[in-house]
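Listed here are the chains, written in short residue letters.
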Amino acid sequence: MARTILFLVALLGVPLIGVTLWAWGQPLICTCGTVRLWVPSIFSSENSQHIADWYTLSHILHGMLIPLLGRVVFPRLGFNVLFAIAIVTGIGWEIIEHTDWVLNAFRATTINRGYLGDSVLNAVMDYVFMMAGFFAALALPIWLVVAAMLALELTAGLIGRDNLTLSTIQLIAPINAIDNWQQELNPDREGP
């Protein structure tokens, strides 16, 4: 019975995120009027406005971290506890991310200058991708989960120029060398 309730709560996360962000003024879809599957540049004004982008990989990673930590560090935690943690952190992050405090913190880093938040579509899909990462990590052997997480971080970092690790570093203690490296791909970059 508890598992059924958790699945129901997980499903209710979609409208909870969507209605909350819409009520806070986030657009339902990209203000460009189209819906795209993938946005290939973190510097695009359409980043975080469509179904997926480089930050989608960080959301998958978030989902994978929960069962990995549960299996390795807290092996006595059962599925229900881990699933509840995934639900709470997934819904919580998508809502907290759109508070003025977090938006302003992101805007304070050069790479996110002008960031207005996600579209409702993007935020809901971030939650869905996080849940996909959670269930994938439950089904895969630990070594493969770790390999997949490293692949996600390295791919997003090396090709997209941002990932969960880099975003965290730049929010907590910005490093100019990271910012300069990220800005090399910025089409609006000023000077060398």
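Let me sum up the structure you'll find in this document.

**Some remarks on the nonpolar core**
One broad trend across soluble globular proteins is that nonpolar side chains are buried collectively.
Working step 1: Formed by 19 residues in total, the largest nonpolar core has its most connected members in I17, F83, I87, Y127, M131 and F134.
Working step 2: Those elements that provide at least two residues to this core are α1 (2–23), α3 (79–96) and α5 (120–139).
Working step 3: Among residues more than four places away in sequence, those in contact with F134 are G63, M64, I66, P67, F79, L82, F83 and A86.
Working step 4: Core analysis: the next-biggest nonpolar cluster, separate from the first, contains 15 residues, I60, L61, L68 and A137 among them.

**Examining the pattern of salt bridges**
Working step 1: Scanning all chains against the criterion turns up 2 salt bridges.
Working step 2: With a shortest N-O distance of 3.0 Å, E46 and R36 are connected by a salt bridge. Taken as a pair, E46 in the loop between β1 (38–39) and β2 (52–53) and R36 in the loop between α1 and β1 lie far apart in primary sequence, 10 residues in all.
Working step 3: E184 serves as the salt-bridge partner of R161, at 3.3 Å between the closest nitrogen and oxygen. You can see R161 sitting in the loop between α6 (142–160) and α7 (164–172) and its partner E184 sitting in the segment after α8 (176–183), a full 23 residues away along the chain.

**Quick notes on the environment of L152**
Working step 1: Counting through the fold element by element, L152 comes out in helix α6.
Working step 2: Along the chain, L152 and L61 lie 91 residues apart, while their C-alpha atoms are 7.2 Å from each other.
Working step 3: Residues contacting L152, with those up to four places away along its chain left out, are L57, I60, L61 and M64.

**Regarding the packing of aromatic side chains**
Given two aromatic rings, one states the distance between the centres and the angle between the planes to describe the pair.
Working step 1: Counting across every chain of the model gives 12 aromatic pairs.
Working step 2: A ring pair is formed by F7 and F135, whose centres lie 6.0 Å apart and whose planes are at 15°; its orientation type is stacked. Of this pair, F7 sits in helix α1 while F135 is found in helix α5, placing the two residues 128 residues apart along the sequence.
Working step 3: The class for F7 is partly exposed, based on a relative accessible area of 35%.
Working step 4: In this structure F135 comes out as partly exposed when scored by relative accessible area, which is 33%.
Working step 5: Judged by centre distance (5.6 Å) and plane angle (20°), the ring pair of F83 and F134 falls under stacked. Of the two residues, F83 sits in helix α3 while F134 sits in helix α5, which places them 51 residues apart along the sequence.
Working step 6: By relative accessible area, F83 is classed as buried at 1%.

Cut-offs used in this document
Residues numbered from 1 in each chain as written. Predicted model: local features only at pLDDT ≥ 70, side-chain atom pairs only at ≥ 80, totals over all residues. Heavy atoms only, no water. Core = buried A, V, L, I, M, F, W, Y, C linked by side-chain atoms within 4.5 Å. Buried < 20%, exposed > 50% of the residue type's maximum accessible area, 1.4 Å probe, protein only. Helix = DSSP H or I, 4+ residues; strand = E, 2+ residues; numbered from the N terminus. Contact = heavy atoms within 4.5 Å. Salt bridge = Lys/Arg side-chain N within 4 Å of Asp/Glu carboxyl O. Phe/Tyr/Trp six-rings, centres within 6.5 Å; stacked < 30°, edge-to-face > 60°.

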